[in-house]
Amino acid sequence: MAAEAETFTSPPGPMVPEPWTVLSKRQDTADTWTLELEPVDGEPMSFEPGQFTMISAFGTGEVPISISGDPGSDGGPLVHTVRAVGLATQAICAAAIGDRLSVRGPFGRPWPTSELAGRDVLVIAGGIGLAPLRPAILSLIGERERFGRLGLLYGGRGPDQLLYPGELEGWPDLGMDVAVTVDAAGPEWLGHVGVVTRLVARAEIDPARTAALLCGPEVMMRFTVAALRSAGVVPRDILVSMERYVQCGIGHCGHCQLGPTLVCRDGPVYRWSELERWLAIREL
Ligand SMILES: Cc1cc2nc3c(=O)[nH]c(=O)nc-3n(C[C@H](O)[C@H](O)[C@H](O)COP(=O)(O)OP(=O)(O)OC[C@H]3O[C@@H](n4cnc5c(N)ncnc54)[C@H](O)[C@@H]3O)c2cc1C
């Protein structure tokens with residue numbers, strides 16, 4: 001009997017999903033929504049920029065989604081920006097205010113923003129990749145005086161595919177230069193057109209001072225790394241957030257293996273110097 005009582009009072013482990021309620025929901029683009037969640041009866045979640053949770057609309061699979069909220073908003077809602085691409089993400093995006101989702105986490109190695117004090121920081125995002133970078137951007141801006149130059153280069157498929165347009169306009173006033181480019185646009189678009197790597201080629205980069213944070217489709221990150229390397233930035237100063245098939249989130253199942261590492265445990269944020277050897281192997 002004593003053993004049973006102990007089982008019931010033990011705190012939930014990292015594999016036990018907790019119910020969270022949808023507090024608010026905003027449609028960002030045709031296929032992407034931002035949800036704010038609050039715990040049904042647990043504590044608000046503390047997290048570091050770049051970490052993710054495993055989230056599910058019960059019965060449709062559990063998927064890794066980065067936290068896109070402000071890490072400084074202690075006790076605030078848990079924020080996720082989700083692109084509906086398949087069964088699990090469509091069900092999460094279809095959740096209504098008041099619905100419950102299951103959440104585990106936070107998991108993963110964060111962006112090492114505190115180690116970047118004194119450096120110029122160049123954030124480079126493609127598409128939905130701005131979501132995992134938003135907490136890092138908010139941290140950098142929140143402690144603006146600790147860093148050198150801050151810049152964001154952001155590429156999207158079209159003007160209506162860009163995330164957080166209000167913030168993209170506001171961040172320059174908070175000390176971060178912002179350049180946006182789209183793959184294609186009509187005449188109403190007065191900004192850059194072309195891939196984000198072109199913005200890297202135009203950026204004024206002091207390689208000795210610069211650290212770069214990258215998140216986007218893997219092909220975009222590979223080309224962006226090449227452009228940064230051409231500008232003289234060393235692999236150790238290039239940080240990337242990688243995606244693989246994360247399932248357990250805690251380094252037990254091995255589904256998200258990347259070379260000798262597990263993305264859920266050793267990533268998703270890596271220094272390029274840790275990965276370049278493995279990513280040179282085709283289809284790894
Ligand atoms: C650490 C991490 C953070 C992520 N953060 C976000 C985020 O902030 N917002 C967001 O919209 N998406 C994010 N993703 C991607 C998201 O997990 C996948 O889109 C989701 O798992 C797709 O599941 P599905 O059932 O909806 O689609 P499926 O039908 O399973 O697949 C649709 C597409 O998504 C890809 N995919 C499926 N499962 C995964 C997986 N576990 N990891 C990576 N790709 C997958 C498939 O190759 C396919 O192209 C993240 C992935 C990882 C690994």
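Residues numbered from 1 in each chain as written. Predicted model: local features only at pLDDT ≥ 70, side-chain atom pairs only at ≥ 80, totals over all residues. Heavy atoms only, no water.

Student: How should the packing of aromatic side chains be read in this particular structure?
Tutor: Throughout the structure, instances matching the rule amount to one aromatic pair. When the ring of Phe52 is compared with that of Phe107, the centres are 6.0 Å apart and the planes differ by 55 degrees; the resulting orientation is tilted. Placement of Phe52 in strand E3 (residues 52-56) and of Phe107 in strand E6 (residues 100-107) is noted, with a sequence separation of 55 residues between them. We note Arg134 situated over the ring of Tyr164; from NZ or CZ to the ring centre the distance is 5.3 Å. (Phe/Tyr/Trp six-rings, centres within 6.5 Å; stacked < 30°, edge-to-face > 60°. Helix = DSSP H or I, 4+ residues; strand = E, 2+ residues; numbered from the N terminus. Lys NZ or Arg CZ within 6 Å of the ring centre and 35° of its normal.)

Student: Would you mind going over the side chain of Ser56 with me for this structure?
Tutor: Locating Ser56 in the fold gives a position in strand E3. Apart from residues no more than four positions distant in its own chain, Ser56 is found in contact with Gly61, Glu62, Ile92, Leu101 and Ser102. (Contact = heavy atoms within 4.5 Å.)

Student: Just checking my understanding: could you explain the pattern of salt bridges for this structure?
Tutor: Where charged atoms from two side chains of opposite charge approach closely, those side chains can pair. Across all of its chains, the model carries 12 salt bridges by this definition. One salt bridge connects Arg134 with Glu167, and the closest N-O pair in it is separated by 2.9 Å. Of this pair, Arg134 sits in helix H3 (residues 130-142) while Glu167 sits in helix H4 (residues 165-170), placing them 33 residues apart in sequence. Under the relative-accessibility criterion, Arg134 is labelled buried at 16%. Its relative accessible area of 22% is what places Glu167 among the partly exposed residues. Two residues, Glu218 and Arg222, come together in a salt bridge whose shortest N-O distance is 3.3 Å. Placement of both Glu218 and Arg222 in helix H6 (residues 218-230) is noted, with a separation of four residues, approximately one turn of the helix. A relative accessible area of 24% places Glu218 in the partly exposed class. (Salt bridge = Lys/Arg side-chain N within 4 Å of Asp/Glu carboxyl O. Buried < 20%, exposed > 50% of the residue type's maximum accessible area, 1.4 Å probe, protein only.)

Student: Whenever I open this one, the site of the ligand confuses me. Can you help?
Tutor: Contacts to the ligand come from 19 residues, most closely from Pro64, Arg83, Thr89, Arg244 and Tyr245. Backbone polar atom of Arg83 to an oxygen atom of the ligand: 2.7 Å apart, as the coordinates give it. Protein contacts shield 75% of the accessible area of the ligand, which totals 850 Å² for the unbound molecule. Breaking the shell around the ligand down by element, the ones donating at least two residues are strand E4 (63-66), strand E5 (78-83) and helix H2 (87-94). Taken together, the residues of the shell around the ligand sort by class into 12 nonpolar, four polar and three charged. (Near = heavy atom within 4 Å. Polar contact = N/O pair within 3.5 Å; in protein donor to acceptor, adjacent residues only side chain to side chain. Areas by Shrake-Rupley, 256 points an atom, 1.4 Å probe, with all protein chains shown as cover. Nonpolar A, V, L, I, M, F, W, Y, C, P; charged D, E, K, R; others polar.)

Student: Would you take a moment to explain the sheet that holds E4 for this structure?
Tutor: Strand pairing within a sheet occurs via backbone hydrogen bonds; the two strands may be parallel or antiparallel. Taken in spatial order, the six strands make up an open sheet running E4-E3-E6-E1-E2-E5, and their pairing is antiparallel. Pairing within the sheet leaves two strands with one partner each, and these edge strands are E4 and E5. Taking each pair of neighbouring strands and ignoring which way they run, the sheet shows an average axis angle of 40 degrees. In the sheet, strand E1 (residues 18-29) pairs with E6 via four bridges, with the strands oriented antiparallel. Considered in E6, the bridge of Pro19 is made with Ser102. Across the face of the sheet, H2 comes into contact with E1, strand E2 (32-39), E3, E4, E5 and E6 while running at roughly 125 degrees to E5. (Pairing = 2+ DSSP bridges. Axes fitted to C-alpha atoms, helices over the stretch in contact; angles between N-to-C directions.)

Student: Mind showing me how you'd approach the sheet that holds strand E11 (residues 210-215) here?
Tutor: Reading across from one edge, E10-E9-E8-E7-E11-E12-E15 is the order of the seven strands in this open sheet, with mixed pairing throughout. A strand with exactly one partner marks an edge of an open sheet, and here the two such strands are strand E10 (192-193) and strand E15 (269-271). For strand E12 (residues 238-241) and E15, the ladder comprises three bridges, and the chain directions are antiparallel. Counted as the bridge partner of Leu239 is Arg271 from E15. Lying over the sheet, H6 contacts strand E7 (120-126), E11 and E12, oriented at roughly 165 degrees with respect to E11. With respect to the sheet, helix H8 (residues 272-279) is in contact with E12 and E15, its orientation differing from that of E15 by roughly 85 degrees.

Student: Got a minute to help me understand the side chain of Thr29 in this structure?
Tutor: Structurally, Thr29 is set in strand E1. Filtering out sequence-adjacent residues up to four positions away, Thr29 remains in contact with Asp160, Gln161, Leu162 and Leu163.

Student: Teacher, can you tell me more about H8 here?
Tutor: Because an α-helix completes one turn every 3.6 residues, residues spaced three or four positions apart along the sequence face the same direction. Among all positions of H8, only Trp272, Leu275 and Leu279 are buried. Each buried residue of H8 sits inside an arc of 75 degrees when the element is viewed along its axis, so together they form one side. Check the buried side of H8 and you find it contacts H6, E12, strand E13 (257-258) and E15. (Arc of directions from axis to C-beta.)

Student: Help me understand unusual backbone geometry in this model?
Tutor: Negative phi characterises most residues that are not glycine, and trans characterises most peptide bonds. In this chain, Gly105 is followed by Pro106 through a cis amide linkage whose omega measures 10 degrees. Secondary-structure assignment places Pro106 in strand E6. A cis geometry characterises the amide bond from Gly267 onward to Pro268, with omega recorded as 5 degrees. Despite not being glycine, Tyr164 shows a phi value in the positive range, around 50 degrees. With respect to the helices, strands and loops of the structure, Tyr164 is situated in the loop between strand E8 (150-156) and H4. Residue Tyr164 is classed as buried on the basis of its relative accessible area of 5%.

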